[in-house]
Amino acid sequence: MLKPQKLAIAVCTRSRENMLLRCVESLGQLIPHQYFEITIVVCDNNNQPMAAELLTSVQAAAQHPVEYVHEAKAGIPFARNAALQTARSLTPNWIAFVDDDEVLDPNWLVEMAEAIQNWPAEIYHGWTQSTPEDLDAPWAFHRPKNKRASGAVMATAGTDNVLFSTKAVDGLMFDEALRFSGGEDLDFFYRATDRGAKIVWVPTAIARESTPLSRLSFQYQVRRAYSVANVQAYISRKRLGARRAITKTTPKAFGRLLGGIAGTLGSSFMLLVNQHRGRQMLLSSAKKVASSIGLLRGVNMKLGNIYQKIDGS
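## Some thoughts on the pairing of strand β2 (residues 36–44)
With respect to burial, β2 is a largely interior element, 8 of its 9 residues being buried. As defined by bridge partners, strand β1 (residues 5–13) adjoins β2 across 9 bridges and the pair is classed as parallel. Opposite A10, over in β2, you have V41 as the bridge partner. Of the crossover connections in this fold, the one passing from β1 over helix α1 (residues 17–28) to the parallel β2 is right-handed. Two strands pair when backbone bridges link them, and β2 and strand β3 (residues 66–70) are joined in this way by 5 bridges, in the parallel orientation.

What follows is the structure, encoded as structure tokens:
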């Protein structure tokens, strides 16, 4: 029998009131589990503190105690650090992060508790299933697909759907240099695993999100591919040093560049016979080219700002 543990679930938000309410409502609808005693931490990353009416609505939807913190300095790592420090002040055994544009399945707590029993570890990463808002959008090709076995060990994790032991990240903070680039969560959990923490994959602990139309465009997806590769290379250099990171990253960058160029040529012919497949090939190829550029810039410590603009409401 598991001994009851305190759990602080943190949600950071900025200019997405409707999404926040849906997210917090899903937290209020979680099936209780005797292992967890829940408090919800809401970090508000807007210029001005949350309106009293909205905070009242959030507290009502949560159905659990809510700790509110305002962080006026815009940027995901600033918000996550404020949420993390607020959560730590509650002296929990566990902290979880979910994004404000997600809803958790009702059995999320149950699945996380079972994972803790089945796979001893310090960090548990759930599966965020992202589905296009418009399945018929011309550049909407991604669908949720699990690529790992339950209990698989991971090198790092995201803060979209994660639960971790407070002790495992003692003293760690999110890197505020990654203000609008994304990747501060990957960097955070790399540092946890680099000092011995274990991350386990829990695909049955599901969060769901709908990718808004603004993120389904050709331009955004290419820019996103650049950004992901960019920050991965940046983190690689932080962890491995310049020489090892450059040696690791450069061949990968040129391989993607050549693959992207070849794919672009192939997509030109495919578009003539199969529009859907041709668009898919063209997007994939453009993402490879963007990724190659992102890798080269990231390993030279040049970061993007894809998250400066807020999508959704």
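Next comes the rest of the description.
## Points about the environment of E25
Inspection of the secondary structure assignment puts E25 in helix α1. Sequence separation between E25 and L104 is 79 residues; the distance between their C-alpha atoms is 9.3 Å.

## Remarks on the environment of A96
When you line up the elements, A96 lands in strand β4 (residues 94–99). With 134 residues separating them along the chain, A96 and N230 place their C-alpha atoms 26 Å apart.

## Considerations on the environment of N274
Along the polypeptide, N274 turns up in the loop between α7 (242–273) and α8 (275–299). Given the relative accessible area of 35%, N274 is considered partly exposed. Sequence spacing of N274 and E184 is 90 residues, and the spatial spacing of their C-alpha atoms is 39 Å. Among the polar contacts made by the side chain of N274, one reaches the main-chain amide nitrogen of R277 at a distance of 2.9 Å.

## Digging into unusual backbone geometry
Most peptide bonds take the trans form, and the phi angle of most residues other than glycine is negative. In this structure, Q63 takes a positive phi of about 60 degrees despite not being glycine. Structurally, the position occupied by Q63 is in the loop between α2 (52–62) and β3. A positive phi angle, near 50 degrees, is found at T91, a position not held by glycine. Within the element layout of this structure, T91 appears in the loop between α3 (76–89) and β4.

## Some points on the pattern of salt bridges
Once the charged atoms of two side chains with opposite charge are near each other, the side chains can pair. Evaluation of the coordinates by the stated rule reveals 9 salt bridges. Salt-bridge contacts for R208 lead to D105; the nearest nitrogen and oxygen are separated by 2.7 Å. With R208 in strand β9 (residues 199–211) and D105 in the loop between β5 (102–104) and α4 (108–118), the pair connects residues that are 103 residues apart, well separated along the chain. Using a relative accessible area of 37% as the deciding quantity, one classes R208 as partly exposed. D187 serves as the salt-bridge partner of K238, at 3.0 Å between the closest nitrogen and oxygen. Pair noted here: K238 is in helix α6 (residues 218–240) and D187 is in helix α5 (residues 184–194), with a separation of 51 residues, a long-range link. What makes K238 partly exposed here is its relative accessible area of 37%. Connected through shared salt-bridge partners, D175, D187, R191 and K238 make up one network.

## Some points on the packing of α6 against α8
For any two helices packed against each other, one specifies the crossing angle of their axes together with the interaxial distance. Following both chains from N to C, one finds α6 and α8 inclined at 30 degrees, their axes separated by 7 Å at the closest point. Handedness of the α6/α8 crossing: right-handed. For the pair α6 and α8, the contacting residues are F218, Q221, V222, A225, Y226, A229, N230, A233, Y234 and R237 in the first and L282, L283, A286, K287, A290, S291, I293, G294, L295, R297, G298 and V299 in the second.

What counts, and where the lines are drawn
Residues numbered from 1 in each chain as written. Predicted model: local features only at pLDDT ≥ 70, side-chain atom pairs only at ≥ 80, totals over all residues. Heavy atoms only, no water. Buried < 20%, exposed > 50% of the residue type's maximum accessible area, 1.4 Å probe, protein only. Helix = DSSP H or I, 4+ residues; strand = E, 2+ residues; numbered from the N terminus. Pairing = 2+ DSSP bridges. Right-handed = clockwise from strand over helix to strand, strands pointing away. Polar contact = N/O pair within 3.5 Å; in protein donor to acceptor, adjacent residues only side chain to side chain. Salt bridge = Lys/Arg side-chain N within 4 Å of Asp/Glu carboxyl O. Axes fitted to C-alpha atoms, helices over the stretch in contact; angles between N-to-C directions. Left-handed = near helix turned anticlockwise from the far one by under 90°. Contact = heavy atoms within 4.5 Å.

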